[in-house]
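Residues per chain are reported as follows:
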Amino acid sequence: MIHTNIFKKTYALALAMSIICCVSPLAFLTSSVNNDNHNDEITQDDLKDLAMEIAVMVNEARAENGLQPLYVVPNLCDRSQVRVREAVHKFSHYRPTQTELSGGQDESEEGEWFSTVIDKNLTPYLDIDENLAAAEDPCSAAEAFGQWRDSEEHWNAILNPNMTHMGVAVTYEHKDRNTETFREDPYEWYWELLLLNVEKDFYAVDDPDNPGKKKRVFVDKELDGQYLPNEVMVIPKSTGDLSGDGVIDSFDFITIEQYIAYQDELKKAQEGKAVNEEILAHPVTFNKYQIEAADCFKDGVIDSDDAYLIKRYVLGQSISFPVTTKDELREIIRIELQSTL
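Residues numbered from 1 in each chain as written. Predicted model: local features only at pLDDT ≥ 70, side-chain atom pairs only at ≥ 80, totals over all residues. Heavy atoms only, no water.

A. View of the overall build of the protein chain. Within the protein chain, the secondary structure is distributed over 11 helices and seven strands. Taken over 341 residues, the protein chain has a buried fraction of 48%. Restricting to contacts in the protein chain with at least 6 residues of sequence separation, those with at least 24 account for 69%. Summing over all exposed atoms, the protein chain offers an accessible surface of approximately 17,600 Å²; the carbon and sulfur share of this is 50%. (Helix = DSSP H or I, 4+ residues; strand = E, 2+ residues; numbered from the N terminus. Buried < 20%, exposed > 50% of the residue type's maximum accessible area, 1.4 Å probe, protein only. Contact = heavy atoms within 4.5 Å. Areas by Shrake-Rupley, 256 points an atom, 1.4 Å probe, with all protein chains shown as cover.)

This is the structure in structure tokens:
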């Protein structure tokens, strides 16, 4: 079905299936930008920015519908990049064969299912969905996402409450407008979104309702390099500024308290102790810049001392910020306590 005059074809999958995934060799990988001089202002960074726009829109839509956000995973974005380049050759959830990748037609076999792009040993998942889209030039991220929003299958995939992680990629493939090939297939923008329900980690912890017995608690699995896409844009201006607004305020204090509380409960689970499952159910994560800013003492640890320093600063009780060491903070506190006696 054609929904707009810009977006000429879409292809969606929302099966939420359990697949035993076979691993296929990397069949095709090339630059996202054609070497043609046309639109040579489009860079790899531009394409990554467009992909992240889609990722942010996915999580905004999930938040509006009361769902947990999805983590972006660099490896899954790499896999999406493979799939989006394959879509240029074969716009299907079936992957192109070697003949099709070479520009020929291959009616002898269907090709592998899209899920084979994922190594299940590296990314153990329970369910997987794929949204594909192709459009004529120009096409913005908002237009691409709007097209998925208007499709029931696309939208169900994005709002699947079981999904935990995603990979997203965009590519531009310039085509000569003076050829029959362009008249038959004028699509130059291709969009790909992988959505996965990754197996959760679980821990046997003390059951407070049954002394002496254990129970399982489940937490989101942490894949290498994962982050929440809205966080990647948060770049603190200074130590203690966790929101990136250049001001150290109560929001920063509350944020670090929530982060520490989650890390404390996660540590308890790993040690087999009783935990607050409500806290574990709502992970609080920092990107690498926030971690650096939250570590006020630069000792590689984010703990209650860091939170206390931010609290004192917010209340106007700190002489300076940041102080050099925890010993210096304790000396400041000792002097202030003496002055009140």
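B. Structural context of the side chain of Asp-207. Relative to the helices and strands, Asp-207 resides in the loop between strand E6 (201-206) and strand E7 (214-219). For the buried residue Asp-207, which engages in no salt bridge, the nearest side chain bearing the opposite charge is Lys-215, 4.4 Å off. A polar atom in the side chain of Asp-207 sits 3.0 Å from the backbone nitrogen of Asp-209. Dropping the residues within four chain positions of it, Asp-207 is found in contact with Lys-213, Lys-214 and Lys-215. (Lys, Arg positive; Asp, Glu negative; His and termini not counted. Salt bridge = Lys/Arg side-chain N within 4 Å of Asp/Glu carboxyl O. Polar contact = N/O pair within 3.5 Å; in protein donor to acceptor, adjacent residues only side chain to side chain.)

C. Helix H2 (residues 74-89), seen in detail. Here H2 spans 24 Å end to end across 16 residues, near enough to the 22 Å set by a 1.5 Å rise per residue. The elements touched by buried residues of H2 are helix H1 (44-64), strand E2 (71-72), strand E3 (125-135), strand E4 (165-172) and strand E5 (189-198). (Expected span 1.5 Å × (residues − 1).)

D. Region of interest: the environment of Asn-197. Relative to the assigned elements, Asn-197 resides in strand E5. With a relative accessible area of 10%, Asn-197 lands in the buried category. Considered as a pair, Asn-197 and Asn-160 are 37 residues apart in the sequence and their alpha carbons are 9.2 Å apart.

E. Main features of the layout of surface pockets. Counted as a void, the largest pocket has a volume near 570 Å³. If you list the elements that add at least two residues to the lining of the largest pocket, you get E6, helix H7 (250-270) and helix H9 (288-294). Among the residues forming the lining of the largest pocket, the class breakdown is 14 nonpolar, six polar and six charged. (1 Å grid on protein atoms, 1.4 Å probe; cavity = no way out; pocket = protein on both sides within 12 Å on 5 of 7 lines; lining within 4 Å. Points joined across faces, edges and corners; volume = space filled by probe spheres on them. Nonpolar A, V, L, I, M, F, W, Y, C, P; charged D, E, K, R; others polar.)

F. Structural context of the packing of H1 against helix H4 (residues 141-149). Relative to each other, H1 and H4 sit at 40°, their axes nearing to 9 Å. Relative to H4, the element H1 is oriented oblique. Between H1 and H4 lies a crossing whose hand is right-handed. Residues Leu-50, Glu-53, Ile-54, Met-57, Val-58 and Ala-61 of H1 touch H4, and the partners they reach there are Ala-141, Ala-142, Ala-144, Phe-145 and Trp-148. (Axes fitted to C-alpha atoms, helices over the stretch in contact; angles between N-to-C directions. Parallel < 35°, antiparallel > 145°, perpendicular 65-115°, else oblique. Left-handed = near helix turned anticlockwise from the far one by under 90°.)

G. Main features of the packing of aromatic side chains. Counted by the stated rule, this structure contains eight aromatic pairs. Pairing Phe-91 with Tyr-190 gives two aromatic rings, centres 6.3 Å apart and planes at 55°, and the pair type is tilted. Residue Phe-91 is located in the loop between H2 and helix H3 (98-101), and its partner Tyr-190 is located in strand E5; the two are separated by 99 residues in the primary sequence. On the accessibility criterion, Phe-91 (15% relative accessible area) is buried. Here the aromatic residues Tyr-94, Trp-113 and Phe-114 are joined through ring pairs into a cluster of three or more. Against the face of Tyr-125 rests Lys-120, its NZ or CZ located 4.9 Å from the ring centre. In this arrangement the basic side chain of Arg-216 is found over the ring face of Phe-202, its NZ or CZ atom lying 4.1 Å from the centre. (Phe/Tyr/Trp six-rings, centres within 6.5 Å; stacked < 30°, edge-to-face > 60°. Lys NZ or Arg CZ within 6 Å of the ring centre and 35° of its normal.)

H. Summary view of the pairing of E3. Most of E3 is tucked away, with 10 of its 11 residues classed as buried. The pairing of E3 with E5 spans 10 bridges and is classified as antiparallel. Looking across to E5, one finds that Leu-132 is bridged to Glu-192. (Pairing = 2+ DSSP bridges.)

I. Molecular detail of the pattern of salt bridges. One pass over the structure, following the stated rule, counts nine salt bridges. In this structure, the salt-bridge partner of Asp-206 is Lys-214, at a minimum N-O distance of 2.8 Å. In this structure Asp-206 comes out as partly exposed when scored by relative accessible area, which is 34%. A salt bridge links Glu-265 to Lys-268; its shortest N-O distance comes to 3.2 Å. Here the residue Glu-265 and the residue Lys-268 both occupy positions in helix H7, the gap between them amounting to three residues, near one helical turn. By relative accessible area, which is 8% here, Glu-265 ends up buried. A relative accessible area of 32% places Lys-268 in the partly exposed class. One continuous salt-bridge network, built from bridges that share partners, spans Arg-83, Glu-86, Arg-95 and Glu-130.

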